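This is what each chain is made of:
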Amino acid sequence: MRDIFFLERDPYAPIRHCYPITKVLYESKSEYQEILVAESPEFGRLLVLDGVVQLDEKYEFTYHEFLAHVPLHAHPNPENVLIIGGGDGGTLREVLKHSSVKRAVLVDIDKEVVEVSKKFFPTLSSGFKDPRAIVVHEDGYKYVQDYTDEFDVIIVDSTDPVGFAHVLTTEEFFRYVHKALKEDGIFTAQTESIYYHLDMIKRIQKDLSRVFPIVDLFVSNIPIYAGYWWTFSIGSKKHPVRQPCRKVSVQTKLYSEDMHRYSFLPESFYKSLLDGSFKL
Ligand code: AG3
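Computed from a predicted structure; not experimentally measured.

1. Thoughts on the sheet that holds strand 10 (residues 151-157)
Phase 1: Read from one edge of the open sheet, 7 strands run 9-8-7-10-11-13-12, paired in mixed fashion. With partners counted over all chains shown, the strands left at the sheet margins are strand 9 (133-136) and strand 12 (214-221), one partner each. Each adjacent strand pair in this sheet contributes to an overall mean axis angle of 20°, direction not counted.
Phase 2: Across 8 bridges, the pairing between strand 12 and strand 13 (residues 229-236) is antiparallel. Bridge pairing in strand 13 places Asn221 opposite Trp229.
Phase 3: On top of the sheet, helix 1 (residues 61-74) reaches strand 7 (80-85), strand 10, strand 11 (181-193), strand 12 and strand 13; it is set at about 160° to strand 10, its chief contact.
Phase 4: Contacting strand 11, strand 12 and strand 13, helix 7 (residues 198-209) runs over the sheet at an angle of about 170° to strand 11.

The following block contains the structure:
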């Protein structure tokens, strides 16, 4: 058999990952982006959007568990959750593990991503069958503007902040999110890697601090995202976020009470990231 390779086209990383693959299972151009599903011997299936690998079946938990469980465990009783993006369903699956959640709304602009995930990624898309899940195909930036005092937790699970996902990292958007959250709501978004995207992280953290009284940054090691030391920015109206405020009873591979605490950077290093004394 001849080797075939998929060369990632990551617009932000100064390095390009090359995956040996055995098969391309799906390839199309939706209304918004190029979608590709490929089979890799090491990683399982890969979901690729506009040339960037969004997830692999083997390591997706390193991303989805932290993005969902850190904000949800920092909240005493998350009932109403909004996910912007995340059409593959991975974040939704984790959110629905919380029995307190009564409703999880997923707003992904691209219907085709949800369809592709239902067909090719059954372990990720399992949550779409849950009666608590509501799927809306609209622009998340616009959707959130219609709500006031509505959600306990809002999560952004977007592609890289280039092109149509860029608006989801702006101060205006954070203000809409703040308005859509209840008085003790919590917001989290994926915010790229410390090594390759430090300026972006600093800018997002600064903008978030103008909107939320409590702002922090937590990390997970994600082996397939170039930069690897991946960050998530969190803004909270009231609850401290550095430790879970409830017992962790969800079934996970990596996230736990200890890992929640460990995912936050030590205060002194976090400060040095933001004030520029940590330089690359
Ligand atoms: N969304 C974030 C992917 C970011 C990858 N970026 C990169 N490698 N430059 C993942 C969606 C999974 N639900």
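2. Here we look at the side chain of Asp157
Phase 1: Mapping Asp157 onto the fold places it in strand 10.
Phase 2: Of the polar contacts made by the side chain of Asp157, one reaches the side chain of Tyr63; its length is 2.5 Å.
Phase 3: In this structure the side chain of Asp157 is engaged in a polar contact, spanning 2.8 Å, whose partner is the side chain of Thr91.
Phase 4: Apart from the residues lying within four places of it in its own chain, the contact partners of Asp157 are Tyr63, His64, Leu67, Ile83, Ile84, Gly85, Gly86, Asp88 and Thr91.

3. Overview of the site of the ligand
Phase 1: Surrounding the ligand, one finds Asp10, Val52, Gln54, Tyr63, His64, Asp88, Asp157, Ser158, Asp160, Gln190, Tyr225 and Trp230.
Phase 2: Between the ligand and the protein, one listed contact pairs a nitrogen atom with a side-chain N or O atom of Asp157 at 2.7 Å.
Phase 3: One of the side-chain N or O atoms of Asp160 is found 2.8 Å from a nitrogen atom in the ligand.
Phase 4: Across the complex, the protein chains shield 99% of the 390 Å² of accessible surface that the ligand would expose by itself.
Phase 5: Here the shell around the ligand is built from residues that sort into 4 nonpolar, 4 polar and 4 charged.

4. Things to note about the pattern of salt bridges
Phase 1: This structure, assessed with the given rule, holds 20 salt bridges.
Phase 2: Note that Lys58 is salt-bridged to Glu42, the shortest N-O span being 2.8 Å. Here Lys58, found in the loop between strand 6 (52-56) and helix 1, pairs with Glu42, found in the loop between strand 4 (34-40) and strand 5 (44-49); they are 16 residues apart in sequence, far enough to count as distant.
Phase 3: On the basis of relative accessibility, which here comes to 37%, the residue Lys58 falls in the partly exposed class.
Phase 4: Its salt-bridge partner being Asp207, residue Arg203 comes within 3.3 Å of it at the nearest N-O pair. Pair noted here: Arg203 and Asp207 are both in helix 7, with a separation of 4 residues, about one helical turn.
Phase 5: Looking at Arg203, the relative accessible area reads 31%, which means it is partly exposed.
Phase 6: Given a relative accessible area of 9%, Asp207 falls into the buried group.
Phase 7: Residues joined in a network through salt bridges with shared partners are Glu171, Arg175, Arg203, Asp207 and Arg210.

What counts, and at which threshold
Residues numbered from 1 in each chain as written. Predicted model: local features only at pLDDT ≥ 70, side-chain atom pairs only at ≥ 80, totals over all residues. Heavy atoms only, no water. Pairing = 2+ DSSP bridges. Helix = DSSP H or I, 4+ residues; strand = E, 2+ residues; numbered from the N terminus. Axes fitted to C-alpha atoms, helices over the stretch in contact; angles between N-to-C directions. Contact = heavy atoms within 4.5 Å. Polar contact = N/O pair within 3.5 Å; in protein donor to acceptor, adjacent residues only side chain to side chain. Near = heavy atom within 4 Å. Areas by Shrake-Rupley, 256 points an atom, 1.4 Å probe, with all protein chains shown as cover. Nonpolar A, V, L, I, M, F, W, Y, C, P; charged D, E, K, R; others polar. Salt bridge = Lys/Arg side-chain N within 4 Å of Asp/Glu carboxyl O. Buried < 20%, exposed > 50% of the residue type's maximum accessible area, 1.4 Å probe, protein only.

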